[in-house]
Every structure is written in structure tokens, then in C-alpha cells.
Amino acid sequence: MAKTIQILEPFKPLIQGENTYYVFASGRGVGKSYSVAQCLIIKACMQTLRILCIREVQNSIQESVKSLLERIIIDMGLQDKFEVTRDEIRCVNGSKFIFRGMRDANAVNIKSIADIDVTWLEEGEGFSQVSWNLLVPSVIRSRKPEIVITFNPRFADDVVYKTFFLQKPPPRSYVRFLTQADNPFFKGSNLEVQMNHDREVMTKSMFSWVWLGQLMDNADECIFNKQAFDLMTPKVELFEREDYYRVVVGCDPASTSKSHSNEYGIVVVGAHSNGEFHMLGNYTAKHTPFSFAQKISRLYEQFDCDAVVAEVNQGGDF
């Protein structure tokens, strides 16, 4: 039996469906993912919709919002209205929730998903510019498209933050920056207890990012925060290896090697005997895994490096 539910005020326009973009930004404890899921379930019951739930990386269905939607369907007492399969959630009226990741080897196949009515971009702070350029033209083609974005602001140059907070947003955009005051269920909750604890033990910058939704560009816990980059010498006129007590090649491989793929990140950085850190070279470019490995090998020899430091949480072509 369906239950009486309360939709938080900032999210009600999403049910009305009068905009193209719905953007909800905040720190922790606002309930934006839960509220968006509630609204999309209601919309799916009211009319037949194809709803795409997407994020930058989804290695398995468990990393999607599918389990959240399943839980809320139960909370709302709508089990008799929905059928849950391994990969999809279907409503008896024909509505369907589909789950995808953008950075898998078949990211370009997002173009082939036809007739998407609503796109929910979860964890938008992790969405790349390449993925954004691929996704939006693909899903905006429907008769009355709706793109819903939930995210915790991270860096000023993240594509979602730039698009909706640093420049004029696209037409028909509903943009809200939310705080815990927008969630009447926060006060007295376990989350409020956790927030008060974190306020005491976290640095001010980290607390502001996690709970207040402030940018983390200058967070103390960043390996290199903005001040560190500002102090880094961008160019070295004359490289003498004996002047450096540590030189490394830093690598960030892309998942794929397609025309739309991200570049493979390659930098050479040195720790100078005078205490400065120098960017000795930025060799980021499009690569195949083989040419990427060749380039790293040559740089290692050229700069007489001590180590190669590589991010290893990517698979795909690499």
C-alpha cells in the first residue's frame, strides 16, 4: 500500500517538469540523492518514462543508484508498481530505469540509447569534460528532455561546476545550492551528530568541503593544493640532474584509446636541492597503451628518474 511521503521543498520543481536542467549541489547531509530518487519514482508512476541513471565510472551495477531506488520504492510502499531485475527497474505502466557508466570501453554507445526522457547524472563532480560533451547532445534530442544533476562541489574547473556556477547556465536551468537547513530531517539525526564530531576533528578546509559544499581547491589534505601549484616553478631553463635529489615520472592512463577518450597524463617532476618542486615537463597527450609505455620509458631514461608513479585504478584498453 502506498504511503504518504514528504518531498523537500527545493525538489518539488523536479516533479512539475518545467525545466531542462535541474542541478542540486551541496555538502553531506542534505538528502539530495534520496530526494531526487523519490521524485523520479513519482514521475515514473505518473507517466511512461525512460530514465537513464548515469555516472562517470560504474564498474558494476552495485556502484549505481539502483539499490537506493529499490530501497525508496519499498519506503514509499510501491512494491506492487515496480519490477526489479538485475540490471533495470521497470514500472507496470512501462516506465524504465536504466543504469550506465560513461568511462567504460563502450562510452560512445551512449549515443545509441534512444528516447531517453530523464537523465540523472549522479556524483556530477566526477564527470569529465569529454563525457559531458558526449552525453548532453545525445540525451538532449528527446522531445522534452530533463537532465538532473546531483553533486558535491569539488574543484572550480570541474565541468558541472563551471557550467552552472561560474558561467551563465544553459536555458531552462533550475540551480540550487543546498545546506542542511533545507533538510528538516537533519536536525537531531545521526548525521548531525557526525557533523558536530567532524567539526572538531577535521581541518577547517576539509570540514567546509565535506559538510558545507565548499570547493576543495585549497583543502589541507590535497596532495598538491592550489597554493602548492602556485608556488611550483612551471619552467626550468637548464636541467642539471645533480641539482635534484628526486625526479619521477607521474602517469595517469586513460581507460580507452578512442577519438573521444581522455588524454593520457604524463608529467616529469623534480624535487630541487633548494627545496623547490619543479615541473620538468608535461607530456600529456593522446596515446595508445603501447605508445604511452614507450613514452614513459624514454622519459625515465632521459631524466635519469628515480621512479615511475602511476595511477592503477583504470582498466579498459590499458
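In the block above lies the structure referred to throughout.
Here is what the cut-offs are and how they apply
- Within any chain, residue numbers begin from 1 and follow the written order of that chain's sequence.
- It should be noted that, the model being predicted, local features are given only for residues of pLDDT at least 70 and side-chain atom pairs only at 80 or more, the latter also being counted only at that level, while totals for whole chains, interfaces and linings use all residues.
- Only hydrogens and water are removed before side-chain values are computed, so all heavy atoms of the structure are retained for them.
- The pairing criterion for strands is at least two bridges between them, as found by DSSP.
- Strands here mean DSSP runs of E at least two residues long; helices mean DSSP runs of H or I at least four residues long; both are numbered from the N terminus.
- The angle between two axes is taken between their N-to-C directions and runs from 0 to 180 degrees, where each axis is a line fitted to C-alpha atoms and a helix contributes only its stretch in contact.
- Burial status follows relative accessibility: with a 1.4 Å probe on protein chains alone, a residue under 20% of its type maximum counts as buried, one over 50% as exposed, and anything between as partly exposed.
- Any pair of residues with heavy atoms lying within 4.5 Å of one another is described as a contacting pair.
- Aromatic pairs are defined between Phe, Tyr and Trp rings, using the six-membered ring for Trp, whenever the two ring centres lie within 6.5 Å; interplanar angles under 30 degrees are classed as stacked, those over 60 as edge-to-face, and all others as tilted.
- In this description, a nonpolar core means a group of buried Ala, Val, Leu, Ile, Met, Phe, Trp, Tyr and Cys residues linked to one another through side-chain atoms lying within 4.5 Å.
- Salt bridge, as applied in this entry: a Lys or Arg side-chain nitrogen positioned within 4 Å of an Asp or Glu carboxyl oxygen.

Caption draft 1: Representation of the sheet that holds strand E11 (residues 277–282) within the structure. Pairing in this open sheet of 4 strands is mixed, and the strands run E11-E10-E9-E12 from one edge to the other. What marks the edges here is a single partner per strand, and that holds for E11 and strand E12 (307–310). Strand-to-strand twist in this sheet, taken as the mean axis angle between neighbours without regard to direction, amounts to 25°. With 8 bridges connecting them, strand E9 (residues 244–252) and strand E10 (residues 265–272) associate as antiparallel partners. Bridge assignment links Tyr244 to a residue of E10, and that residue is His272.

Caption draft 2: Fine view of the environment of Met195. Mapped onto the elements, Met195 comes out in helix H6 (residues 190–201). Met195 gets classed as buried once you look at its relative accessible area, which sits at 9%. Considered as a pair, Met195 and Gly29 are 166 residues apart in the sequence and their alpha carbons are 8.5 Å apart. Ignoring any residue separated from it by four or fewer positions in sequence, one finds Met195 in contact with Gln180, Phe186, Phe207 and Trp211.

Caption draft 3: Geometry of unusual backbone geometry. The backbone phi angle of Glu123 is positive, close to 55°, even though this residue is not glycine. For Glu123, the location among the structural elements is in the loop between strand E6 (118–122) and helix H4 (129–139). You can call Glu123 partly exposed: its relative accessible area is 37%.

Caption draft 4: Looking closely at the packing of aromatic side chains. Tallied over the entire structure, the rule returns 11 aromatic pairs. Plain terms: the ring middles of Tyr22 and Tyr174 are 6.1 Å apart, the flat faces sit at 55° to each other, and that makes the pair tilted. Taken together, the residues Tyr22 in strand E1 (residues 21–25) and Tyr174 in strand E8 (residues 173–177) connect sequence positions 152 residues apart. Tyr22 sits in the buried class, given a relative accessible area of 0%. By the ring-pair criterion, three or more aromatic residues cluster together here, those being Phe11, Tyr22, Phe24 and Tyr174.

Caption draft 5: Spatial organisation of the sheet that holds strand E2 (residues 50–55). One open sheet holds the 8 strands; their spatial order is E3-E4-E5-E2-E6-E7-E1-E8, and the pairing between them is mixed. Taken across any chain shown, the strands that pair with only one partner, and hence form the sheet edges, are strand E3 (82–84) and E8. For this sheet, the mean angle separating the axes of adjacent strands, direction not counted, is 15°. Two strands pair when backbone bridges link them, and E1 and strand E7 (residues 146–151) are joined in this way by 5 bridges, in the parallel orientation.

Caption draft 6: Structural detail: the nonpolar core. Core analysis: the biggest nonpolar cluster contains 34 residues, and Ile41, Leu69, Phe82, Phe97 and Trp120 have the highest contact counts within it. Breaking this core down by element, the ones donating at least two residues are E1, helix H2 (32–46), E2, helix H3 (66–75), strand E4 (88–91), strand E5 (96–101) and E6. Examining the composition of this core, we find that 7 residues originate from one element, H2, more than from any other. For Phe82, the contacting residues outside a window of four places in its chain are Ile41, Ala44, Cys45, Ile73, Ile89, Arg90, Cys91 and Phe97.

Caption draft 7: Just the pattern of salt bridges, in detail. Taken as a whole, this structure holds 10 salt bridges when the rule is applied. Residues Arg55 and Glu123 are paired through a salt bridge, measuring 2.6 Å at the closest nitrogen-oxygen approach. Of this pair, Arg55 sits in strand E2 while Glu123 sits in the loop between E6 and H4, placing them 68 residues apart in sequence. Salt-bridge contacts for Asp306 lead to Arg241; the nearest nitrogen and oxygen are separated by 2.9 Å. With Asp306 in the loop between helix H9 (289–302) and E12 and Arg241 in the loop between helix H8 (226–231) and E9, the pair connects residues that are 65 residues apart, well separated along the chain. Several salt bridges converge on common partners, so that one network encompasses Glu88, Arg90 and Lys96.

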